[in-house]
Amino acid sequence: MDSFCQLLCADTIGRVNYELYMGAALAEAKAAIASGDTGDGAVAVLDEAMVARGHNQVQTSGDPTAHAVMVVLREAARRLGRPNLSGMIIFTAKEPCAMCVGALLEADVDGLVFALADPDKGAAGSGGASTTEALRRRVRIVSGIMQAEAAELASPLAVGR
């Protein structure tokens, strides 16, 4: 894990296969790029089972709130039949924005794992947004998992893939 994570984040979130679930989130990011959207994907994991997966759909749906994390939270809540997602860990290719962090707090998720920090729009630590402190008190955070792979998807060259 990178130094950002070691300073800010919890070292682990239980016994979770980080690479497996982050790999699924990165596959969703690739699907977002293939459909003409920005490359971010996410998965929701509960008790080591992938409950939901999704990717950015802002451009394809015309919905400005259709970020990968929001898509996955909505699907997980629908599948579980409840808005409270306690016990859930969200894996996402890119650090969530303030809107998504607010939704993570409202859903009461237990963990957030992201690959790539977003110093411009990220609100889970790297951007210094005011939501960071509230998030850290309520959600265990790990960052930097498969960061190099996520960085490749975030490059301008990935858009043409």
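All values reported here derive from a predicted model rather than from experimental measurement. (Residues numbered from 1 in each chain as written. Predicted model: local features only at pLDDT ≥ 70, side-chain atom pairs only at ≥ 80, totals over all residues. Heavy atoms only, no water.)

Before we go on, may I ask you to explain the overall build of the protein in this structure?
When helices and strands are counted, the protein shows 7 helices and 5 strands. When the helices and strands of the protein are read in sequence order from the N terminus, they spell out α-α-β-β-α-α-β-α-β-α-β-α. Expressed as a percentage of its 161 residues, the buried residues of the protein come to 48%. Considering only contacts in the protein between residues 6 or more positions apart, those separated by 24 or more positions represent 59%. Carbon together with sulfur atoms contributes 52% to the accessible area of the protein, which is approximately 7,600 Å² in total. (Helix = DSSP H or I, 4+ residues; strand = E, 2+ residues; numbered from the N terminus. Buried < 20%, exposed > 50% of the residue type's maximum accessible area, 1.4 Å probe, protein only. Contact = heavy atoms within 4.5 Å. Areas by Shrake-Rupley, 256 points an atom, 1.4 Å probe, with all protein chains shown as cover.)

Looking at this structure, I do not really get the nonpolar core. What am I missing?
One broad rule of soluble globular proteins: the nonpolar side chains tend to lie buried together. One finds Leu73, Leu85, Met88, Ile90 and Val109 to be the most contacted residues of the largest nonpolar core, which totals 29 residues. Sorting the residues of this core by element identifies strand E1 (41-46), strand E2 (49-55), helix H4 (68-80), strand E3 (88-94), helix H5 (98-107) and strand E4 (111-116) as the ones contributing at least two each. Examining the composition of this core, we find that 7 residues originate from one element, H4, more than from any other. Filtering out sequence-adjacent residues up to four positions away, Leu85 remains in contact with Leu73, Ala76, Ala77, Leu80, Ala107, Asp108 and Val109. (Core = buried A, V, L, I, M, F, W, Y, C linked by side-chain atoms within 4.5 Å.)

Quick question: what am I supposed to make of the layout of surface pockets here?
The probe, sized like a water molecule, is rolled over the atoms to show the empty space still left. Approximately 250 Å³ is the volume found for the largest pocket. Lining the largest pocket are 18 residues, and of these Asp40, Asn56, His67, Lys94 and Cys97 lie nearest its centre. Looking at the lining of the largest pocket, the elements with two or more residues in it are helix H3 (58-61), H4 and E3. (1 Å grid on protein atoms, 1.4 Å probe; cavity = no way out; pocket = protein on both sides within 12 Å on 5 of 7 lines; lining within 4 Å. Points joined across faces, edges and corners; volume = space filled by probe spheres on them.)

Would you take a moment to explain H5 for this structure?
Each full turn of the α-helix corresponds to 3.6 residues, which orients residues three or four apart in the same direction. Among the residues of H5, Cys100, Val101, Ala103, Leu104, Leu105 and Ala107 are the ones counted as buried. Just beyond H5, the residue with positive phi is Asp108, at close to 65 degrees.

Just checking my understanding: could you explain the pairing of E2 for this structure?
Side chains on a regular strand alternate between the two faces of the sheet. Sheet topology places E1 next to E2; 6 bridges connect them, and they run antiparallel. The residue of E2 that forms the bridge with Ala44 is Ala52. Where E1 folds back onto E2 in an antiparallel hairpin, the turn is made up of 2 residues, including Asp47, whose phi is positive at roughly 50 degrees. (Pairing = 2+ DSSP bridges.)

Explain the sheet that holds strand E5 (residues 140-143) to me, please; I cannot follow it from the model alone.
Pairing between sheet strands relies on hydrogen bonds along the backbone, with the strands arranged either parallel or antiparallel. Pairing is mixed across the open sheet formed by 5 strands, whose spatial order is E2-E1-E3-E4-E5. Of all strands in the sheet, those bounded by a partner on one side alone are E2 and E5. Between one strand axis and the next, the sheet turns by 15 degrees as a mean value, whatever way the strands run. Those strands touched by H4 are E1, E2 and E3, and its axis lies near 140 degrees from that of E2. (Axes fitted to C-alpha atoms, helices over the stretch in contact; angles between N-to-C directions.)

Even after reading the chapter, I still don't get the packing of helix H2 (residues 18-34) against helix H7 (residues 147-154), so can you show me in this structure?
Helix packing for two helices is described by the angle between their axes and how far apart those axes are. Orientation of H2 relative to H7, taken along the N-to-C sense of each, is 5 degrees, at an axis distance of 11 Å. Taken together, the axes of H2 and H7 lie roughly parallel to each other. Taking contact as the criterion, the partners of Leu26, Ala29, Lys30 and Ile33 in H2 are, on H7, Glu149, Ala150 and Leu153. For the contact of H2 with H7, the per-class residue count stands at 5 nonpolar, no polar and 2 charged. (Parallel < 35°, antiparallel > 145°, perpendicular 65-115°, else oblique. Nonpolar A, V, L, I, M, F, W, Y, C, P; charged D, E, K, R; others polar.)

That is the geometry; function is a separate question.
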